[in-house]
Every structure is written in structure tokens, then in C-alpha cells.
Amino acid sequence: MAKKTLEDCPPETLANEVVVVRVDYNLPLDQNGEVADDTRLVRTLPTIQYLIEAGAKAVLLSHLGRPGGRPEPGLSLRPVAGKLQGALGSPVGFCPETTGPLAREAVHGMESGDVLLLENTRFCPEETRNDPAWAEEIRYGSKLFVNDAFGTAHRTHASTKGIADAVRAGGGEAVAGFLLEKELRFLCDAMADPEHPFVAVIGGAKISSKIDVIEALLPIVDRLLIGGAMANTFFQARGWAVGDSLVEEDRIDTARSLMDLAGDKLLLPVDVVTAPRIASGATTRVSACDDVREGERIGDIGPHTVKSFTDALGGARTVIWSGPMGVFELAPFQAGTFEVARAAASTADRGATVIVGGGDSAAAAAAAGVADRITHISTGGGASLELLSGKELPGVAALSDR
Ligand code: ADP
Ligand code: MG
């Protein structure tokens, strides 16, 4: 990798040093405000453990949700500190400030091997403005900044970019943590030098959110499979009725030109699962793609499509999957996504590199029970899409060069 990583920082150089770590603890919360999934937290443990063992003083920064620059009690990181303590099996301090006298005092009072989580960076308006003075404040005088927040690396914020600039300007180093390094390695290697056959499966709600990725992938993949609601816009481009299904009217031309560009690399659904409404108790019907009726909604890919998609995945050596094939959150529409998830996992079992990007796709892989068989599940939805589109991530660009 072109950027320095925590591996470039020998433990003996870290003892008693304040090290500021940007983590992505923007964890999904349920209706009661409890942490619904702690995957992102668990995956930062190697970085934090390394710092503890080296005897550093690890100051952790993260955002949670979108509080809009002022404190919002429901978005405090306090419960996350408890989660982290449980996962680490050693004490984690929490400070209800990000900057200010309490926070300075808390950092100042740290001892070798301590871990301290500061309050939600987005409680402060300076964070998203990438305010340089505030970035200097959250540096807490440290000579080492570790970015382990892949999910936020596409943001130009004070705790991702500003602080890296500030630490480097102060003669220190800004490096990638172990999680960020792993994310970059998998996603960049797949794009730069993939083993063929290379199959991409793209789905989810909208073409518009994935158009850049599709365009970047097209020249390098052998097959591009498209499912999910975004396939509906392709059906429209072919002149087929889609009933009351989700369609991006303003993307029909995009779909048409993608079809021209992709030629026979592109595999679209041949059948779909429809219902009068997308609900858990819905009565469904399998329909050919050119036979969707008035009043019907497409909720999943059909069984023939599942067969053609799983066949295509079967022989792949590299797979990138981003976006569910249907409304997998509801039982009548989950089969397509789960079958694709199982096929991807079997392909990984045979030694292929299988990468899953996107929060909902990651949740689908977990719901299908195959998450632990996937080669790499990215912790960053937007960031993985930007990286796969060939864009530079500001949080990564700001790190020290090798
Ligand atoms: P990811 O987070 O993996 O990138 P997206 O956010 O792009 O995925 O899309 C996920 C959403 O797309 C899911 O909530 C799923 O219910 C929805 N979806 C997939 N297929 C359909 C469909 N046919 N109709 C409506 N919604 C769909
Ligand atoms: Mg999503």
C-alpha cells in the first residue's frame, strides 16, 4: 500500500504516547436506541488491542448518526463505550465531551494502555465543516493519528481529513489502522488485478446510487448481474411494463446506454416475484419479466433468474456483490437475495475472492447465515462504492505516504 499503516509503527515507539484513533462506531440502533449490530466495533479491535499492548494511550473518536452539529442525547456514544469494554474485555473510559475542559482533563489523566472514547464528533459543528482549528484541538498534541474508519473515509471532515493534516503538519504521522488497511487491500486489489472470471452482482434500490460503480466495473468484469429494484428501470428501457414497481423514470436512458455498452456481459433477470403490495403477508406470483401486470409490484428475482445468477457465480474467481436482489427484509421476497448469498459463499468456499459491499448486502449475508464464509465484508457502504468507482477517499489521501 502507498500509505503508511499501523504496521509501520513499532510497539516500542508507542509506549506512553497519546494516539488518536478515528473509528467508525456509527452503529445501527434499534427503535429503543440500543445497538442493533456491533460488527463495525468488533472489527476495530485488532487496532485497539495493538495500541493497548504497546502501552499507548488510545483516544477514540467517532460519529454516530446525524445530530447536525449539536448534542442529541439519543446519539451519545456512551452506550457504545460499554459495548467496546465488553468486546475488549478491558476498561474503556468515556468522556461526555469531544473537546473542552473535561475532554482535555480526561486525555491528560490517561495512563499507559488506557482507552478513552470521546463523545460523538458530530455534536460539534466544526466536524463536518472540517474546521482546521478544531482538528488541531482533537489531535490532543499527539504525534500519531490512526484512521480505522473506512465507513467514513469518503468524508472530508475534521476527524478524518483535518486531523490527519494537523498531525502531519505537527511533524507526526497519520496512518491506516488494521481495518482500514484490510478494506483498502481487498477492494483495491479486486479492482486492480482481479482473478478471472470476475463477476459483479449489483442490486438494491436505485441505479442512480450505483451508476458510477457499474461504469467502473463494466470494463473489468466478465459478467455483470443486475437484480433488485434497479432492474425495473432496465425492464422499462426494454419497453416492458412493470406495474406499480419502483422505477427511476429519469434513469431509463442511463439503463438503455448501459445495456448497449455492456452487450452480453450484462445478465438481467428473466423472471421476477410480484405481489399486489410489498408486505410480509403478500400473495406472490412468479412472472416473466415481460409479463408483469397492472397493479403488481416486483419484489424479488424469480427462480429462473436465481438459477442463471448462481450458475454465473459458480465459476467465478472474483465476486463483488453490492445490493440485495429483492426486498429481503420481508419473507415473501427474500429467496433471491438469500440464494445469491449462498451461491457467493459456496464460490468463496472454493477459494474465490468474494467481496460484499453495502450495509444492506452485509445484513442480507448475515441474515442468510453465510457472513463468515464471505472473504471480505466491507464495513463501508458509501466508501466502498466510491473506492470501487475509482475515486480517491479524502480520509485515505490525507494519510502519510510510505
Ligand atoms: P446496499 O446497502 O447493500 O448498498 P442498497 O441500499 O442499494 O443496498 O439497497 C437496499 C434496499 O433495496 C433494501 O432495503 C431492499 O429492500 C431494497 N430493494 C431491493 N430490491 C427491491 C425491489 N424490487 N423493490 C423495492 N425495494 C427493493
Ligand atoms: Mg443501503
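An account of the accompanying structure is given in this report. Keep in mind that this is a model prediction, so the values were computed, not measured.

**Structural notes on the pattern of salt bridges**
Within this structure, the stated rule accounts for 17 salt bridges. Of the charged contacts in the structure, one is a salt bridge between Asp8 and Arg402, with a shortest N-O distance of 2.9 Å. Of this pair, Asp8 sits in the segment before strand 1 (18-22) while Arg402 sits in the segment after helix 16 (394-397), and the two are 394 residues apart along the sequence. Asp8 sits in the partly exposed class, given a relative accessible area of 35%. Note that Asp24 is salt-bridged to Arg40, the shortest N-O span being 3.2 Å. You can see Asp24 sitting in the loop between strand 1 and helix 1 (39-42) and its partner Arg40 sitting in helix 1, a full 16 residues away along the chain. The burial state of Asp24 is the same as that of Arg40; both residues are buried.

**Brief notes about unusual backbone geometry**
The linkage connecting His196 with the following residue, Pro197, adopts the cis geometry, with an omega of -5°. Considering the arrangement of structural elements, one finds Pro197 in the loop between helix 8 (178-192) and strand 7 (198-202). In this structure, Asn16 takes a positive phi of about 65° despite not being glycine. Position of Asn16 relative to the elements: it lies in the segment before strand 1. Non-glycine residue Tyr140 carries a positive phi angle of around 50°. Along the chain, Tyr140 falls in the loop between helix 6 (132-137) and strand 5 (144-147).

**A short note on the packing of aromatic side chains**
Under the criterion given, the structure shown has two aromatic pairs. Here Tyr50 and Phe178 contribute two aromatic rings whose centre-to-centre distance is 5.3 Å and whose plane-to-plane angle is 90°, an arrangement assigned as edge-to-face. Of this pair, Tyr50 sits in helix 2 (residues 45-53) while Phe178 sits in helix 8, placing them 128 residues apart in sequence. Taking the centre distance of 6.0 Å and the plane angle of 35° together, the rings of Phe235 and Trp240 count as tilted.

**Some details on the site of ligand 1**
Around ligand 1 sit 17 residues in total, of which Lys210, Ile298, Glu329, Asp360 and Ser361 are the nearest. At 3.3 Å, a backbone N or O of Ala205 approaches an oxygen atom of ligand 1. A total of 580 Å² of accessible area belongs to ligand 1 in isolation, and the protein chains cover 82% of it. Looking at the shell around ligand 1, the elements with two or more residues in it are strand 12 (297-301) and helix 14 (359-367). Ranked by residues supplied to the shell around ligand 1, first place goes to helix 14 with three residues. When its residues are assigned to classes, the shell around ligand 1 shows six nonpolar, eight polar and three charged.

**Some details on the pairing of strand 6 (residues 173-176)**
The pairing of strand 5 with strand 6 spans four bridges and is parallel. Considered in strand 6, the bridge of Leu144 is made with Glu173. Since strand 5 and strand 6 lie parallel, the crossover through helix 7 (residues 158-169) that links them has a hand, and here it is right-handed.

**Overview of the sheet that holds strand 9 (residues 266-267)**
Ordered in space as 9-8-7-13-14-15, the six strands form an open sheet in which the pairing is parallel. For this open sheet the edge positions go to strand 9 and strand 15 (376-377), each flanked by a neighbour on one side alone. Judged from the two bridges that link them, strand 8 (residues 223-226) and strand 9 form a sheet pairing that is parallel. Residue pairing across strands places Leu225 opposite Leu267, the latter belonging to strand 9. Across the sheet, helix 13 (residues 335-349) is in contact with strand 7, strand 13 (318-322) and strand 14 (353-356); its angle to strand 13 comes to roughly 155°.

**Topic: the environment of Thr375**
Looking at the secondary structure, you find Thr375 in the loop between helix 14 and strand 15. Accessibility expressed as a relative area gives 30% for Thr375, which makes it partly exposed. Along the sequence, Thr375 and Phe145 sit 230 residues apart, while their C-alpha atoms lie 28 Å from each other. Excluding anything up to four places from it in sequence, Thr375 contacts Phe186, Ala348, Ala352, Thr353 and Val354.

Conventions adopted
Residues numbered from 1 in each chain as written. Chains lettered and ligands numbered in written order. Predicted model: local features only at pLDDT ≥ 70, side-chain atom pairs only at ≥ 80, totals over all residues. Heavy atoms only, no water. Salt bridge = Lys/Arg side-chain N within 4 Å of Asp/Glu carboxyl O. Helix = DSSP H or I, 4+ residues; strand = E, 2+ residues; numbered from the N terminus. Buried < 20%, exposed > 50% of the residue type's maximum accessible area, 1.4 Å probe, protein only. Phe/Tyr/Trp six-rings, centres within 6.5 Å; stacked < 30°, edge-to-face > 60°. Near = heavy atom within 4 Å. Polar contact = N/O pair within 3.5 Å; in protein donor to acceptor, adjacent residues only side chain to side chain. Areas by Shrake-Rupley, 256 points an atom, 1.4 Å probe, with all protein chains shown as cover. Nonpolar A, V, L, I, M, F, W, Y, C, P; charged D, E, K, R; others polar. Pairing = 2+ DSSP bridges. Right-handed = clockwise from strand over helix to strand, strands pointing away. Contact = heavy atoms within 4.5 Å. Axes fitted to C-alpha atoms, helices over the stretch in contact; angles between N-to-C directions.

Such coordinate-based values are descriptive only and should not be taken to indicate function.
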